[in-house]
Amino acid sequence: MSNKMWGGRFSTGPNAIMEEINASIGFDQRLYAQDIAGSKAHATMLAAQGIVGAKDVEKIQKGLDTILSEIEAGRFTFRRDLEDIHMNVEQRLADLIGPSAGRLHTARSRNDQVATDFRLYVRDTIDALDAQLADLMTALAEKALAHAATVMPGFTHLQTAQPVTFGHHLMAYVEMLARDRGRLRDARTRLNESPLGSAALAGTSFPIDRDATAAALGFDRPTANSLDAVSDRDFVLETLAAAAICAIHLSRFAEEVVIWTSPSFGLIKLSDAFTTGSSIMPQKRNPDAAELARGKAGRIVGALTGLLVVMKGLPLAYAKDMQEDKEGAFDAFSALSLVIAATAGMVRDLEPEAARMRAAAGQGYSTATDLADWLVRALGIPFREAHHATGRIVALASERGVPLHRLSLEDMQGVDARITQDVFSVLSVTKSVASRTSYGGTAPVRVRAQARRWLKTLAKP
Ligand code: ARG
C-alpha cells in the first residue's frame, strides 16, 4: 500500500529497507510534546485567519489534546511505516476526528514543522541544563567556602608550583561553568525565532500570521527567510558546541578527581556513595563516576563533530541528511545532564585530606617564589636577580635534602649576606597563600569573598 499522507503518485509501498532507513520515529518520538504544541499554535492561527473553519479547528484541538494524553499515558502506538512523529500524530488525529484532520497541514510542511519542534526541544534542554549548572556551581561554591583556607599544592605541568587553597581551585570551575551558562544562554537567544510558516522552503500563499504562531510558542519573532528557516541547524550546532565546551570543563575536573583520589596523591577522598569496588582486588575504591564523566565528554564532542560533518556539504534547502541531526544531539544532551548531576554529587561528597594536602603543598620548594619576592622587597634587587639567588638557595636545600624553611640562616647568607631572619616569615605555605591577596588571587580572604559573591548571585531566582 502506498503512503496515505504523500502516496498519491505512488502505486506501491516502500521496500522494507527503504522504510527502515527512512524512519525517524524510533528517536523523534521524543519531540511529541513540541510537535503537538506547534500543531495547536498553527491550528489556532488557521482559524483566526479564516483559513480553516472554527468547527474543524475545535475538533483538531481536542484530538491533539487526546493524543498528548495518550502518549503521556503510554497508550500510543508509534508506527514505523508512518516515518516520523509528525505523521504519527497526524494519522492518529485522522483516526480520531476523521477528514477534518487533513486541514491541519494547510500552509505547513514537515520541513518547517521539524525545525520548529527541534528548536522548542533544544530551548527546553538549554533551560534544564542551565538549572543543573546553577546547582553544580552552588555545590562548588559551598565547598569552596568551607575550604577557603585549606592549603593544597597548586600545579603547573602537574609539577608542584605554588601553594593554593582548595577553595580557590574549586572556584576556578565556578568561573568556567558561568561561562558555559552564558554560552548556552547566547545560543538560546539566537535560536528563539519561529520557523513555523516557512512551509516547505518558499513560504505559503495562504494569509497566515507568523507573528501569532511565534508568540504562541514563546518565540521572540518569526524567522525572516523561509529557505534559511528550514535549512538551518546552527541552533543545534551552537548548543552542542556550548555543551561540548562544558563537557570538557567537567572532564578536566573529573581528571583531577581521578588523580587526587589515587593513593599515590591521596589529596581528596570520595565516600562509598561515589566509588566502586573491584571484583578481584578487595582494597580498591575506584572513582568510576569521575572516569565516566571524563569518558562521556568524548561522545558529546563526537555529536558536535558528527553534525558539523553532516551539514557541511548540504545545498539549500531541506535534505533528508538533516534527519541525522537528532540522535547525536539527544544523546549528547542527556549525557551532559547526567555528567552535571554526577559531578554535583561528587563535589558534595568529596572531602580533602587536609594534612596530606598541606604536606604536599610544601613539597618541591613550592615557596621559592615567595623567597624571591622577599628578596625583591627586602633588598630592593630586580626580580631576575632575586630569581637567580633563590635558584642557588633551592640547589643548596636540595643538596642538604631539606625543605627551604629548614635551611639555616647561615646557609642562606652564604648565597646573599644581606638575608635576615625575617625571610623565614614568608616560607610557610600558610603565609604564602595568605599573602596572595591580589584580586583573583588564592588568599583565603579573596576566596571567601568570591564564594560568597557567587552564592549570593546563585540564590537569586
Ligand atoms: N523526519 C524528518 C526529519 O527529522 C521530518 C522532515 C521530513 N521532511 C521531508 N520532506 N521528508 O528531518
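The chain appears in an unreviewed UniProt entry as Argininosuccinate lyase from Aquabacter spiritensis. The record in UniProt for the chain states the following under Sequence similarities (unreviewed entry): "Belongs to the lyase 1 family. Argininosuccinate lyase subfamily." Under the UniProt heading Subcellular location (unreviewed entry), the note attached to the chain is "Cytoplasm".

Moving on, we come to the UniProt feature "domain: Argininosuccinate lyase C-terminal" (unreviewed entry) in the chain. Listed under "domain: Argininosuccinate lyase C-terminal" (unreviewed entry) in the UniProt record, and renumbered for this structure, are residues 365–434. For residues 365–434, helix accounts for 61% and strand for 0%, while the C-alpha atoms at its two ends are 17 Å apart.

What follows covers the pairing of strand β2 (residues 159–165). Bridge analysis of strand β1 (residues 151–156) against β2 gives six bridges, and the strand direction is antiparallel. Within β2, the position partnered with Met152 by the bridge is Val164. Linking two consecutive strands that pair antiparallel, namely β1 and β2, is a turn of two residues; a positive phi of about 60° is found at His157 within it.

To continue, consider the pattern of salt bridges. Evaluated as defined, the whole model comprises 27 salt bridges. Residue Arg285 is joined to Asp272 by a salt bridge in which the shortest nitrogen-to-oxygen separation is 2.8 Å. One end of the pair, Arg285, is in the loop between β5 (268–269) and α11 (288–311); the other, Asp272, is in the loop between β5 and α11, and 13 residues separate them in sequence. Overall, Asp272 belongs to the exposed group, its relative accessible area being 59%. Note that Lys326 is salt-bridged to Asp325, the shortest N-O span being 3.0 Å. A relative accessible area of 3% means that Lys326 is categorised as buried. What makes Asp325 buried here is its relative accessible area of 1%. What emerges from the salt-bridge pattern is a single network uniting Glu83, Asp84, Arg110 and Lys320.

Once that is clear, we can look at the packing of helix α14 (residues 368–379) against helix α15 (residues 383–400). Running from N to C, α14 and α15 point in directions that differ by 130°, and their axes come no closer than 8 Å. Regarding the angle of α14 to α15, the classification is oblique. Relative to α15, α14 is oriented so that their crossing is right-handed. Of the residues in α15, those in contact with Ala368, Leu371, Ala372, Asp373, Leu375 and Val376 of α14 are Phe383, Ala386, His387, Ala389, Thr390, Ile393 and Val394. When its residues are assigned to classes, the contact of α14 with α15 shows 10 nonpolar, two polar and one charged.

Reading the values: rules and limits
- Residues numbered from 1 in each chain as written.
- Predicted model: local features only at pLDDT ≥ 70, side-chain atom pairs only at ≥ 80, totals over all residues.
- Heavy atoms only, no water.
- UniProt positions renumbered as here; feature names shortened; annotations may be inferred.
- Helix = DSSP H or I, 4+ residues; strand = E, 2+ residues; numbered from the N terminus.
- Pairing = 2+ DSSP bridges.
- Salt bridge = Lys/Arg side-chain N within 4 Å of Asp/Glu carboxyl O.
- Buried < 20%, exposed > 50% of the residue type's maximum accessible area, 1.4 Å probe, protein only.
- Axes fitted to C-alpha atoms, helices over the stretch in contact; angles between N-to-C directions.
- Parallel < 35°, antiparallel > 145°, perpendicular 65-115°, else oblique.
- Left-handed = near helix turned anticlockwise from the far one by under 90°.
- Contact = heavy atoms within 4.5 Å.
- Nonpolar A, V, L, I, M, F, W, Y, C, P; charged D, E, K, R; others polar.

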